[in-house]
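A look at the structure
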Amino acid sequence: MEELTKVRRELHQLAEVSGKEKKTAKKIKEFLATTNPDELITGVGGHGIAACYKGSKDGPSVMLRCELDALPIPEENDFKYKSSDKDTGHKCGHDGHMAIICGVAKHLKEQSALAGNVYLLFQPAEETGEGAQQVLEDEKFKELQPDYIFALHNLPGYEKNTVVVKEDVFAAASVGFIARFKGATSHAAHPEQGKSPALAMAQLVQSLSAIPQFDASLDDAAKVTVIHARLGERAFGTSPGYAEVMATLRTYDDELLEKMKEKASKISKGLAATYNLAIDTEWVEAFAATKNDVEMTSIIRQVAEDKGMSIKRKQTPFSWSEDFGHFTKQIPGAMFGLGSGVNQSSLHASDYDFPDEIIPAGVEMFVGIINKIQKNRK
């Protein structure tokens, strides 16, 4: 526990944003090397790392995944191990998730009779929704071919060490949308001589916000959040010629998300045509819905029961997104939640800090999952 707490706090200090996790990956590589993995693969899907522990007997291959990246959120806390980058912080607990998997690595170092292989994946760029897909497309990852994959996420608002399980959809699908209108500037005294996108921008904000109302049924969970809108510049003598609108589309169903995307594109292009504007659109930070395999979820629940942990069965999915869903589209697996405290600061809050006390429970859960799968599926 002392060693893992030290590692977690060192990782907290190293906080790096998605795609830039070079120092974090170096630290993880150094730690994993002390656990004598049979193979240590670097540069997976970017700065990702996979540690391979091969069993002495035949059996299924189990992969555990955690995340390397932090967020572009300044550290508000003032403790000794605060982030060394004033503009970046581990505000989602990925430092704690990594520490937990490091704890599993220490356990695997001492366990010589594995029935099958265990892969520990430290994935880059989760926060932008890009990392999982980049890993899946990497030839180094394709060679591993895990049979099952698992992950956890710490959950503020739940008692510490509570295991939160949910069959089928665990977390929402989402995607970012950007629409850029291009007209022509003119003097503010003669807007008729230019092409202002002001009305198109204003109507798009309203129309995007109305998509859940008119394009999703009462049974569907759908949300569009306009996160940014900009028109022209601060120049009072100018009628603007440029505007952009950004929004996040969110739902629990990947197919519905595609329909919402089509509607958003159609509305945007229609408004551009109405006001004689050029337009380009862009989709960014795409997260598939995280869907848990029913059998794998049952295994998580059984392990929690065996260890006497408090279990919470969630009735509805979480509305936030996690790119672990890209993995579960291809590999049977599941994500579970681990309570990080009822009064814990929320994820992505500037004063958030992962509670070290829940590291042992995370390690226990993952080791239990490995043992149960390898024992039952020899």
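You'll find the structure just up there.
Cut-offs applied
- Counting restarts for each chain, with residues numbered from 1 along the sequence as it is written.
- Where local features are concerned, this predicted model is filtered to residues with pLDDT of at least 70; where side-chain atom pairs are given and counted, the filter is 80 or more; whole-chain, interface and lining totals use all residues.
- Note: side-chain values were computed over all heavy atoms of the structure, leaving out hydrogens and water.
- Between any two strands, at least two bridges found by DSSP are needed for them to pair.
- Each helix is a run of DSSP H or I of at least 4 residues and each strand a run of E of at least 2, with the numbering of both proceeding from the N terminus.
- Think of each axis as a best-fit line through the C-alpha atoms, taken over the contacting stretch in the case of a helix, with angles from 0 to 180 degrees between the N-to-C directions.
- Throughout, a contact is declared for two residues whenever any of their heavy atoms are within 4.5 Å.
- Classification of ring pairs uses Phe, Tyr and Trp, with its six-membered ring standing for Trp, and accepts pairs whose centres are within 6.5 Å; under 30 degrees between planes counts as stacked, over 60 as edge-to-face, and the remaining range as tilted.
- Only protein chains enter the accessibility calculation, which uses a 1.4 Å probe; a residue is then buried when its area is under 20% of its type maximum, exposed when over 50%, and partly exposed in between.
- Consider the ring centre and the ring normal. A charge sits over the ring if Lys NZ or Arg CZ is within 6 Å of that centre and within 35 degrees of that normal.
- Here, expected helix span is obtained from the residue count minus one, scaled by 1.5 Å.
- An arc is given here, and it is the one of the directions from the helix axis to the C-beta atoms.
- Residues enter a nonpolar core if they are buried and are Ala, Val, Leu, Ile, Met, Phe, Trp, Tyr or Cys, with the set joined through side-chain atoms within 4.5 Å.

1. Some points on the sheet that holds strand E6 (residues 163-165)
Within the open sheet, the 8 strands sit side by side as E1-E2-E4-E3-E5-E16-E6-E14. Their pairing is mixed. Across the chains shown, the open sheet's two edge strands, defined by having one partner strand only, are strand E1 (39-44) and strand E14 (311-313). Shown here is a sheet whose adjacent strand axes are inclined to one another by a mean of 25°, direction ignored. Relative to strand E5 (residues 148-155), strand E3 (residues 62-67) is paired through 3 bridges, and the arrangement is parallel. Considered in E5, the bridge of Val62 is made with Tyr148. Packing of helix H2 (residues 22-33) onto the sheet brings it into contact with E1, strand E2 (48-53) and strand E4 (118-123), and relative to E2 it is tilted by some 10°. In this fold helix H10 (residues 359-376) packs onto E3, E4, E5, E6 and strand E16 (333-339), with an angle of close to 160° to the strand it touches most, E5.

2. Some words on the packing of aromatic side chains
By the definition in use, this model includes 8 aromatic pairs. With 4.0 Å between their ring centres and 15° between their planes, Phe79 and Tyr81 make a pair best called stacked. Tyr81 sits in the buried class, given a relative accessible area of 12%. A network of ring pairs unites the aromatic residues Phe141, Phe324 and Phe327 as a single cluster. The ring of Trp283 carries Lys261 above its face, with NZ or CZ at 5.1 Å from the centroid. Just above the ring of Phe318 sits the side chain of Lys314; from NZ or CZ to the centre is 4.6 Å.

3. Digging into helix H1 (residues 2-13)
A rise of 1.5 Å per residue sets the reference length of H1, with its 12 residues, at 16 Å; its end C-alpha atoms lie 17 Å apart and thus fit the reference within 8%. All buried positions along H1 are accounted for by Leu4, Thr5, Val7, Arg8, Leu11 and His12. Buried residues of H1 fall within an arc of 160° about the axis and therefore sit on the same side. The outward face of H1, more than 90 degrees from its buried face, is lined by the exposed residues Glu2 and Lys6. Buried residues along H1 sit against H2, helix H3 (94-110) and H10.

4. Some remarks on the nonpolar core
One broad rule of soluble globular proteins: the nonpolar side chains tend to lie buried together. Membership of the largest hydrophobic core comes to 52 residues, with the highest contact counts inside it found for Leu120, Phe122, Phe150 and Phe366. It is H10 that contributes the most residues to this core, 9 residues altogether. For Phe150, the residues in contact, after removing those within four places along its chain, are Val62, Met63, Leu64, Arg65, Met296, Ile300, Phe324, Ala334, Phe366, Ile369 and Ile373. Counting residues in hydrophobic clusters, the runner-up holds 25 residues, among them Val175, Ala179, Ala200 and Ala264.

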